[in-house]
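Breakdown of the fold
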Amino acid sequence: MGIGVILLELISPLLELLAPLMPGDTFPIFFKLKMAQRSLLAAIIATIVAGFLGTFLIMKNQALMGDGLAHVSFGGVAVGIILGATSPLWYALLFAIIASICINELQTREILTGDASIAIFLTGTLALGLVLLKVAEGDSSQFQPLAQIHSYLFGDLLVMPEDGLDLIVLVSIISLLILAIMRNAILATTIDPLAARIQGIPVRRVELLFGIVTAAVVVSMVKVVGALLVTALLVTPAATARQISSSFRSSLILTQIIGFISVIGGLYIASEINSAAGSTIALVTAVIFGIVVMTKSIYNVAVKKTEN
Amino acid sequence: MASNIEISPPQDKHGEQNLDKKTSPIALEVSNLSVVRSGKVIIHDINLKMKSGEFVGIVGPNGSGKSTLVLSILGFLKPQTGEIEIYGNAPLSKTLNGRIGWVSQAASNLPKEVTITVEELVMLGTVNSSNMLFWPNSDRKKRVKEAIEKVGLKEHSTTDVSKLSGGQRQRAAIAKALASNAEFIFLDEPLVGVDRKTRNSLLKLLDDLCHNENKTILMISHDLTAMRQTAHRIIYLEEEIKYDGPSSEFPNFAELAAIRGIQQVHDANIVIKESDGVI
């Protein structure tokens, strides 16, 4: 029994207690059925860690890093499937970590800017994955890896096996611990790398560790929202929070609140209108962003008018 | 002219300072330093000594190698030849951690994606290799509070840095360096983009730090008048050190032109505005 399953055993009674209070016809299932509880827990945990990581990514101006690594991990999944791996996500993890280290190196050595190096790895590994899958498929009607890959592109939250939950919970807890402990070092490095180095912070090692954590978190999220939509959970709540926060601490807290509302709201809507869970969650994060930005602009205009 | 600045004239300080200087330990020693980048000589054969408690201003036109010199001293640029010692150690040595503060041009110019309060920013100045895994303890919190008070941002400690004025952001950046307990503070153009009043109050702050807190300060600036008023010593850099001496004896513009090998002060290649002393 892995750590995810143990955690679920612990909170399962609480979820069952909440089930009668939940609205909708289908939505309460997430609190009643073990299988659906796994999906709910995976989604919530992934959102928490994505929110923390996203706040840092936004500050580092690396919002696309998540997207890039998600595509890289797709390439890894493809290789894993072709090699007949039972858990292709481990291949995705390996690919994403290597890509993250390479992107980091290209940037620190000033060979390429951030966006360009991410773009190259994104398209390169995605292409590798697609080519390999097509070749492996050949003429066989039995082996259809392209069909298998679908769930990794768009997410398959509702089918959350125990080992999938274990991976997400394990990666999330370790990543959260690292981010919490290294918080100040990462922030100091982000704001002024030279000053941080002078203070004695091992800037390169901090950057490297941050890159590895990003890779691991992205891969663990691929199963929840899919490679194409990782950015939604990673960046959108943090970007929304930034619009209305005035300190680093408040942006962290607001990101968590917005992320939580998105997940619960997204799952509710998905179960009631029978849409895909991952994309509905992603849609909700975008809608919340839109509402916040519009409300803020209206508020600013109103304040200006009263000032005049 | 910013003659209304309320700081003691540097000549007087020199008198007082001379007594200490005999006993003051060497803070910085640069010998035969040359830096070549992409085949171009940026600085050549620099020899420079600074004592603890000294305030030295580096002036010179754009591209004269001021930033290159400071980045080499800090250890971020590899020199072709020469030796650098800060408190007897090579740049970036572990023993120097926390003893040096760096206020870069970027420090007050945070990326707009960053949301951070003055207090949170200054707290980052206290992070070092031995405490980076721990949450700030009471000593670090005290240092942060003191640094913010010293630079006069007490009322703004919970304000988002991006909402501050240019001068206030510069103060926040200086507070960050102070919170690290640095004895030796390097500043790169802290007076750029601030109005005259702010400029004078920043100079007053640096003057206080030097004389009341005994900080050693090495500051790059375009603002010659400011350096004349505040620094003990001015170094005029243009690939080589063309002048190094007390700020009171710094040459006037005609002499400076001669030192630089320029016949006419109004040569189109040099921008000298005598009105405000900005090179």
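Residues numbered from 1 in each chain as written. Chains lettered and ligands numbered in written order. Predicted model: local features only at pLDDT ≥ 70, side-chain atom pairs only at ≥ 80, totals over all residues.

Regarding the overall build of chain B
Across its full length, chain B holds eight helices and nine strands. Classification of the 279 residues of chain B by burial places 45% in the buried group. In chain B, the proportion of contacts linking residues at least 24 apart, taken out of those at least 6 apart, comes to 70%. (Helix = DSSP H or I, 4+ residues; strand = E, 2+ residues; numbered from the N terminus. Buried ≥ 20, exposed ≤ 12 C-beta atoms within 10 Å, placed from the backbone. Contact = placed C-beta atoms within 7 Å.)

Considerations on the interface of chain B and chain A
A common measure of how large an interface is: the accessible area buried when the components associate. Listed as interface residues are 28 residues of chain B and, on the opposing side, 24 residues of chain A. Elements that contribute at least two residues to the side of chain B that touches chain A include exactly β5 (100-103) and α3 (118-124) of chain B. Partitioned by chemical class, the residues of the side of chain B that touches chain A number 15 nonpolar, nine polar and four charged. (Nonpolar A, V, L, I, M, F, W, Y, C, P; charged D, E, K, R; others polar.)

Digging into the sheet that holds strand β2 (residues 40-51) of chain B
All names here are of chain B. Across the sheet, three strands lie side by side as β2-β1-β4; this open sheet has antiparallel pairing. The outermost strands of the open sheet, each flanked by one partner alone, are β2 and β4 (81-86). Taken over all neighbouring pairs, the strand axes of this sheet differ in orientation by 15° on average, direction set aside. The pairing of strand β1 (residues 26-37) with β4 spans five bridges and is classified as antiparallel. (Pairing = 2+ DSSP bridges. Axes fitted to C-alpha atoms, helices over the stretch in contact; angles between N-to-C directions.)

Quick look at unusual backbone geometry
Residue and element names in this part refer to chain B. Look at Asn32: it is not a glycine, yet its phi comes out positive at around 50°. Inspection of the secondary structure assignment puts Asn32 in strand β1. For Asn181, which is not glycine, the phi torsion reads 70° and is therefore positive. When you line up the elements, Asn181 lands in the loop between α5 (166-179) and β6 (184-188).

Observations regarding the sheet that holds strand β9 (residues 240-246) of chain B
In any sheet, the strands associate via hydrogen bonds between backbone groups, in a parallel or an antiparallel arrangement. Residues and elements named next belong to chain B. The sheet built from six strands is open, its strands ordered β5-β6-β7-β3-β8-β9 with mixed pairing. Either end of the sheet is taken by a strand with one partner, and the two such strands are β5 and β9. Within the sheet, the average angular offset between the axes of one strand and its neighbour, ignoring direction, is 15°. Strand direction decides the pairing type here: strand β3 (residues 55-59) and strand β7 (residues 216-220), joined by four bridges, are parallel. The residue bridging Phe55 from the neighbouring strand is Ile217, located in β7. Here α5 sits on the sheet and contacts β5 and β6; the angle it forms with β5, its principal contact strand, is near 165°.

What about the environment of B:Asp45?
Residue and element names in this part refer to chain B. Here Asp45 is to be found in strand β2. Residue Asp45 is classed as partly exposed on the basis of its C-beta count, with 14 C-beta atoms lying within 10 Å. In the structure, Asp45 is positioned 13 residues away from Asn32 in sequence and 4.4 Å away in space, judged by C-alpha atoms. Ignoring anything within four residues of it in the chain, the contact list for Asp45 reads Asn32, Ser34 and Glu240.

Description of the pairing of strand β8 (residues 233-238) of chain B
All names here are of chain B. Summarising burial for β8: five of the six residues are buried, a large majority. Pairing analysis gives four bridges linking β3 to β8, with the strands arranged parallel. Paired with Val56 across the bridge in β8 is Arg233.

Digging into the packing of helix α13 (residues 248-273) of chain A against helix α14 (residues 277-307) of chain A
Each pair of packed helices can be summarised by the angle the axes make with each other and by the distance between the axes. All names here are of chain A. Look at α13 against α14: their axes get within 8 Å of each other, and the N-to-C directions meet at 130°. Taken together, the axes of α13 and α14 lie oblique to each other. As α13 runs across α14, the sense of the crossing is right-handed. Contacts from Ile258, Ile261, Ser262, Val263, Gly265, Gly266, Leu267, Ile269 and Ala270 of α13 reach α14 at Ala277, Thr280, Ile281, Val284, Thr285 and Ile288. Here the residues of the contact of α13 with α14 sort into ten nonpolar, five polar and no charged. (Parallel < 35°, antiparallel > 145°, perpendicular 65-115°, else oblique. Left-handed = near helix turned anticlockwise from the far one by under 90°.)

Geometric descriptors of this kind do not, in isolation, establish any biological role.
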